[in-house]
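# Report on the structure
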Amino acid sequence: MGRRKKIVEQCERLMDEPENIRNIAIAAHVDHGKTTLTDNLLAGAGMISDETAGEQLAMDTEEDEQERGITIDAANVSMTHEYDGTNHLVNLIDTPGHVDFGGDVTRAMRAVDGALVVVDAVEGAMPQTETVVRQALREGVKPALFINKVDRLISELQEGPEEMQKRLLGVINEVNELIRGMTDEMDDIDDWTVSVEDGTVGFGSALYKWGVSMPSMQRTGMDFGDIMELERNDNRQELHERTPLSDVVLDMVCEHFPDPIESQPRRIPRIWRGDDESDIAESMRLVDEDGEVVLMVTDIGVDPHAGEIAAGRVFSGTIEKGQDLYVSGTAGTNRVQSVGIYMGGEREEVEHVPAGNIAAVTGLKDAIAGSTASSTEMTPFESIEHISEPVITKS
Ligand code: GDP
């Protein structure tokens, strides 16, 4: 069996285990390294070869997209990762990094439960960092932080340990200020600030494919001093092999981001204003795969062969081919022609996609990004608010 086929089969098996699913977005100010980091994760999960990660930019496949006539606004990929002896399914949604795409970022946030915020160590938090953090929190999506381009602090800026620590803590404080500023008023969210000690902050270099966090240092026995020495001496390949970025980040994702069962009871009241005593509310809170089908469409892509593809989060029930679904704001129903999951931006058809997952559905011809598609008529999800004007946090 081909490697890809194997990964698809693994993903299909894991789709039925919501406690082992993590739906995440990576969000960043433009150029802070989101695409390079994403490629590291795909390579780590065996989706693209290790050598080409960082050069291939799989999520940024514009040429490829043009050739095949596909437009992917916010590309989706699924991958598997073993953490703590258990295989996990990580569904990753890419978000555009440019402020003009604020709407797309918000839409992607609707589908996920965790947001990895990437910040360039040299630049620090920038306007779009603030925007994505606000978008995530507003949607009830939990943040974690990855500080990227740390190689530049070591090799280019030649910073010493103290200087570096000060700089990294400065970035963490900036991000925590944003988080605190918003979550202080939210009574459904406890302390979502990030810290090195509890493992919700990672550092590293997406370009040179190494990463570090408190748990990774305990696991590998490498401390920051060892890392600085290797980076300074240009031993980046060794650094990558001893403390690979993808392991550090995917471990952090599995450990700290909520699974759909934990997340949906918190998120549903934020994003849906229907009757919270109804069966459908209960089914969404419980991530019940036997309940009525509820899909929140977050993105429409076009495939020259399959036509329009509606991608989104299944909050309840199980989507299958042949189902007739109501689409909010339109009359009548649309018949599901196929269901699939994304693998490296490509769609793979599968038999069914249960609650808690990201699905790619064809046949929903009336759906637009923001539609609710469901097997019974229901109150649609709240419209997705765009936050497109970033508030400048620093000059
Ligand atoms: P995006 O706009 O957030 O997707 O950023 P990209 O991943 O496209 O990266 C922007 C630029 O920063 C590219 O030239 C990358 O090669 C570079 N870059 C990304 N990560 C790192 C890193 O860890 N260290 C250094 N030195 N450069 C990086």
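Throughout this description, residue numbers start from 1 for each chain and increase along the sequence as written. Under the rules for a predicted model, residues below a pLDDT of 70 receive no local features and side-chain atom pairs below 80 are neither given nor counted, while totals for whole chains, interfaces and linings still include all residues. Where side-chain values are given, they derive from all heavy atoms of the structure, hydrogens and water being excluded.

Helix and strand labels come from DSSP, where a helix needs a run of H or I of at least four residues and a strand needs a run of E of at least two; each type is numbered from the N terminus. A tally of helices and strands in the protein yields 13 helices and 17 strands. Exposure classes here rest on a 1.4 Å probe applied to the protein chains alone. A residue is buried below 20% of its type maximum, exposed above 50%, and partly exposed in between. Evaluated residue by residue, the protein yields a buried proportion of 57% over its 395 residues. By definition in these notes, contact holds between two residues if any of their heavy atoms fall within 4.5 Å. For the protein, the share of sequence-separated contacts (at least 6 apart) that also reach a separation of at least 24 residues comes to 73%. As displayed, the protein offers around 16,500 Å² of accessible surface, 43% of which is attributable to carbon and sulfur atoms. In these tables, accessible area is a Shrake-Rupley quantity obtained with a 1.4 Å probe, and a residue counts as shielded only by the protein chains included in the view.

The subject of this paragraph is the sheet that holds strand β16 (residues 358-362). Strand order across the open sheet formed by eight strands is β12-β11-β17-β8-β9-β16-β13-β14, with antiparallel pairing between neighbours. One side of each edge strand has no neighbouring strand; the edge strands of this open sheet are β12 (333-335) and β14 (346-350). Between one strand axis and the next, the sheet turns by 40° as a mean value, whatever way the strands run. Bridge count between strand β11 (residues 324-327) and strand β17 (residues 372-374): two bridges; the pairing is antiparallel. Paired with V327 across the two strands is A373, which belongs to β17. Orientation is described by lines fitted to C-alpha atoms, with helices fitted over the stretch in contact, and by angles between N-to-C directions that extend from 0 to 180 degrees. Strands in contact with helix α1 (residues 3-14) are β13 (338-343) and β14; relative to β13, the strand with the most contacts, it is inclined by about 115°. Paired strands are those between which DSSP finds at least two bridges.

With that settled, consider unusual backbone geometry. With a phi close to 50°, Q158 is a non-glycine residue in the positive phi region. Positioned with a positive phi, D234 is a non-glycine residue whose angle comes to about 65°. Among the structural elements, D234 can be located in the loop between α9 (224-232) and α10 (236-242). We classify D234 as exposed; its relative accessible area is 54%.

Below, the discussion takes up the site of the ligand. By convention in these notes, a residue is near a molecule or strand provided one of its non-hydrogen atoms lies within 4 Å of it. Around the ligand, 15 residues are found, and the nearest of them are D31, K34, T35, T36 and D151. Two N or O atoms count as a polar contact when they lie within 3.5 Å, although within protein this holds only if one can serve as hydrogen donor and the other as acceptor, and sequence-adjacent residues are included solely when both atoms are side-chain atoms. At a separation of 2.8 Å, an oxygen atom of the ligand approaches a polar backbone atom of D31. In the model, an oxygen atom of the ligand is placed 2.5 Å from a nitrogen or oxygen of the T36 side chain. Protein coverage of the free-state accessible area of the ligand, which is 580 Å², stands at 75%. Sorting the residues of the shell around the ligand by element identifies α2 (34-44) and α6 (150-156) as the ones contributing at least two each. Three categories are distinguished: nonpolar for Ala, Val, Leu, Ile, Met, Phe, Trp, Tyr, Cys and Pro, charged for Asp, Glu, Lys and Arg, and polar for the others, with Gly belonging to the last. Residue composition of the shell around the ligand, grouped by class: three nonpolar, seven polar and five charged.

With that out of the way, let us pick up the pattern of salt bridges. For salt bridges, the criterion is a side-chain nitrogen of Lys or Arg within 4 Å of an Asp or Glu carboxyl oxygen. Inspection of the entire model under this criterion finds 15 salt bridges. The salt bridge involving K149 is made with D120; its shortest N-O contact spans 3.5 Å. In this pair, K149 sits in the loop between β5 (142-148) and α6 while D120 sits in strand β4 (residues 114-120), placing the two residues 29 residues apart along the sequence. Looking at K149, the relative accessible area reads 22%, which means it is partly exposed. The exposure class assigned to D120 is buried, which follows from its relative accessible area of 3%. Across the pair R236 and E231 runs a salt bridge whose closest N-O atoms are separated by 2.6 Å. Residues joined by salt bridges that share partners form a network here, namely R110, D113, E139, R267 and R313.

Moving on, we get to the nonpolar core. As used here, the term nonpolar core means buried Ala, Val, Leu, Ile, Met, Phe, Trp, Tyr and Cys residues forming a set that is joined through side-chain atoms within 4.5 Å. Counting residues in hydrophobic clusters, the biggest one holds 45 residues, and the most contacted among them are I147, V150 and F203. With eight residues, the single largest contributor to this core is helix α7 (residues 161-183). Excluding its chain neighbours within four sequence positions, the residues that come into contact with F203 are F146, I147, V150, L168, V196, W210, G211, V212 and F224. Counting residues in hydrophobic clusters, the runner-up holds 29 residues, among them L89, V287, V293 and A373.

With respect to the element layout, Q323 can be found in the loop between β10 (318-320) and β11. Apart from the residues within four sequence positions on either side, Q323 is in contact with V293, T318, N334, R335 and V336.

What follows covers helix α13 (residues 279-286). Those residues of α13 not exposed but buried are I280, A281, S283 and M284. Buried positions in α13, seen along its axis, are confined to an arc of 165° and lie on one side of it. Every exposed residue of α13 that faces more than 90 degrees away from the buried side is listed here: D279 and L286. Packed against the buried residues of α13 are α12 (260-271), β8 (294-303) and β9 (307-316). Our arc is simply the arc of the directions from the helix axis toward the C-beta atoms.

Further remarks concern α12. When the terminal C-alpha atoms of α12 are compared, their 14 Å separation across twelve residues is substantially less than the 16 Å that a helix rising 1.5 Å per residue should span. Among the residues of α12, P260, S263, Q264, R266, R267, I268 and I271 are the ones counted as buried. Helix span, as expected, comes to 1.5 Å for every residue beyond the first.

Method remark: on a 1 Å grid restricted to protein atoms, a set of points is classed as a cavity if a 1.4 Å probe fits but cannot get out and as a pocket if it is open with protein on both sides within 12 Å along at least five of seven lines; lining residues have an atom within 4 Å of a point. Grid points are joined across faces, edges and corners, and a volume is the space filled by probe spheres set on the points. Within the structure shown, the criterion is met by two cavities of 30 Å³ or more. In this structure, the second largest cavity spans a volume of roughly 40 Å³. Every residue lining the second largest cavity is listed: N76, V77, S78, N91, L92, I93, Y342 and I358. Every element with two or more residues in the lining of the second largest cavity is listed here: β2 (76-83) and β3 (86-94). Residue classes in the lining of the second largest cavity are distributed as five nonpolar, three polar and no charged.

Here we come to a negative patch on the surface. Nonpolar side chains (Val, Leu, Ile, Met, Phe, Trp, Tyr) are joined into patches within 5 Å and like charges within 9 Å, using only residues with over 30% relative accessible area and no salt bridge. In this tally Asp and Glu are treated as negative and Lys and Arg as positive; neither His nor the chain ends contributes. To locate a charge, take NZ of a lysine, CZ of an arginine, CG of an aspartate or CD of a glutamate. Taken together, the side chains of D190, D191, E197 and D198 present a region of like negative charge at the surface. Relative to the helices and strands, E197 resides in the loop between α7 and β6 (201-205).

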